[in-house]
Amino acid sequence: NLIQLIKQVVIDMNLEANKKDIQLEMSLELEEFIIEGDQNRLQQVIQNVVINSIKYTPSDGKVKVLIVEYSKKDIIFEVRDNGIGIKEEELPIVFNRYYKSKKMEYSEDSTGLGLFIAKEIVEKHKGSIWIESVFGEGTSVFIRLPVRQ
Ligand code: ATP
Ligand code: MG
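Residues numbered from 1 in each chain as written. Chains lettered and ligands numbered in written order. Predicted model: local features only at pLDDT ≥ 70, side-chain atom pairs only at ≥ 80, totals over all residues.

Labelled according to an unreviewed UniProt entry, the protein chain appears under the name histidine kinase, originating from Alkalibaculum bacchi.

Right, here's the structure in full:
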């Protein structure tokens with residue numbers, strides 16, 4: 001149940017968000033959406049993306065997890081933040097292995113693997129992951145996953 005998995009990750013991340021005075025919210029109008037796959041791997045995907053939003057959003061910011069749409073075929077959910085954003089020229093490469101921010105404040109404790117791993121796992125589950133962002137305003141990461149057949 002993907003919805004339960006998302007809820008659990010958000011609850012687990014609350015402490016992390018609180019430390020930075022970031023409001024971590026979710027708006028999930030579904031109770032259940034069953035997908036097929038590796039629960040631990042998918043948990044890692046959601047964690048990586050939520051951790052990024054917390055990391056790249058300054059204090060007093062907001063991170064929200066929401067369902068964009070769902071059907072008999074698949075579900076799309078979004079992790080949205082109002083953080084530092086990603087420059088247009090950077091967007092095509094953030095999923096590259098070892099690609100990470102050049103800013104000292106972030107690069108020290110980064111490996112540049114989080115999104116690369118997330119993409120690998122999502123694609124192994126026949127899903128897709130993409131990002132929309134406005135530099136200086138915020139970032140939305142979208143994840144689409146197919147329903148269990
Ligand atoms: P790691 O996840 O391995 O600790 P990382 O966060 O640097 O390191 P990725 O998660 O792969 O690596 O992200 C790659 C880069 O994409 C980041 O260094 C950052 O520049 C940018 N990025 C990712 N998520 C966001 C976000 N929510 N807001 C702004 N920039 C982001
Ligand atoms: Mg990361």
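A.B. asks: Residue-level account of the nonpolar core, with values.
C.D. replies: Core analysis: the biggest nonpolar cluster contains 30 residues, and Ile 6, Val 10, Met 13, Val 45, Ile 46, Val 49 and Val 50 have the highest contact counts within it. Where this core is concerned, the elements lending two or more residues are α1 (2–19), α2 (39–55), β2 (62–70), β3 (74–81), α4 (114–124) and β5 (138–146). A per-element tally of this core places α1 first, with 7 residues. Residues in contact with Val 49, not counting those within four places in the same chain, are Val 79, Ala 118 and Val 141. (Core = buried A, V, L, I, M, F, W, Y, C linked by C-beta atoms within 7 Å. Buried ≥ 20, exposed ≤ 12 C-beta atoms within 10 Å, placed from the backbone. Helix = DSSP H or I, 4+ residues; strand = E, 2+ residues; numbered from the N terminus. Contact = placed C-beta atoms within 7 Å.)

A.B. asks: With reference to specific residues and values, describe the confidence of the model for the protein chain.
C.D. replies: When pLDDT is averaged along the protein chain, the result is 97; 100% of the residues meet or exceed 70. Across the assembled chains, the prediction reports ipTM 0.99 with pTM 0.97. (pLDDT = per-residue confidence, 0-100.)

A.B. asks: Can you lay out the pairing of β5 for me, pointing to particular residues and giving the numbers?
C.D. replies: Sheet topology note: the β3/β5 ladder contains 8 bridges and is antiparallel. By the bridge assignment, Asp 81 is partnered in β5 with Thr 139. Both strand β4 (residues 128–134) and β5 contribute to a ladder of 7 bridges, which runs antiparallel. Residue pairing for β5: Ser 128 is matched across the bridge by Arg 144. In textbook terms, the turn of a hairpin is the stretch between consecutive antiparallel strands, and for β4 and β5 this stretch comprises 3 residues, one of which, Gly 136, has a positive phi near 85°. (Pairing = 2+ DSSP bridges.)

A.B. asks: Just give me the short version of the pairing of β3, but keep the residues and values in it.
C.D. replies: Side chains Ile 75, Phe 77, Val 79 and Asp 81 of β3 all project onto a buried face; the interleaved residues Asp 74, Ile 76, Glu 78 and Arg 80 project onto a face where none is buried. Both β2 and β3 contribute to a ladder of 7 bridges, which runs antiparallel. In the sheet register, Val 65 faces β3, and the bridge partner there is Val 79. Linking two consecutive strands that pair antiparallel, namely β2 and β3, is a turn of 3 residues.

A.B. asks: Just give me the short version of unusual backbone geometry, but keep the residues and values in it.
C.D. replies: With a phi angle near 55°, Asp 21 is a residue other than glycine that sits in the positive phi range. Tracing the backbone through its elements, the reader meets Asp 21 in the loop between α1 and β1 (23–27). For Asp 21, a count of 10 C-beta atoms within 10 Å puts it in the exposed group. With a phi angle near 60°, Lys 126 is a residue other than glycine that sits in the positive phi range. Along the chain, the position of Lys 126 falls in the loop between α4 and β4. C-beta crowding within 10 Å serves as the criterion here: with 13 such atoms nearby, Lys 126 is assigned to the partly exposed category.

A.B. asks: Just give me the short version of α4, but keep the residues and values in it.
C.D. replies: By the burial criterion, the buried members of α4 are Gly 114, Leu 115, Ala 118, Lys 119, Ile 121 and Val 122. In this structure, the buried side of α4 is in contact with α2, β4 and β5. Of the residues one or two after α4, Lys 126 is the one with positive phi, at around 60°.

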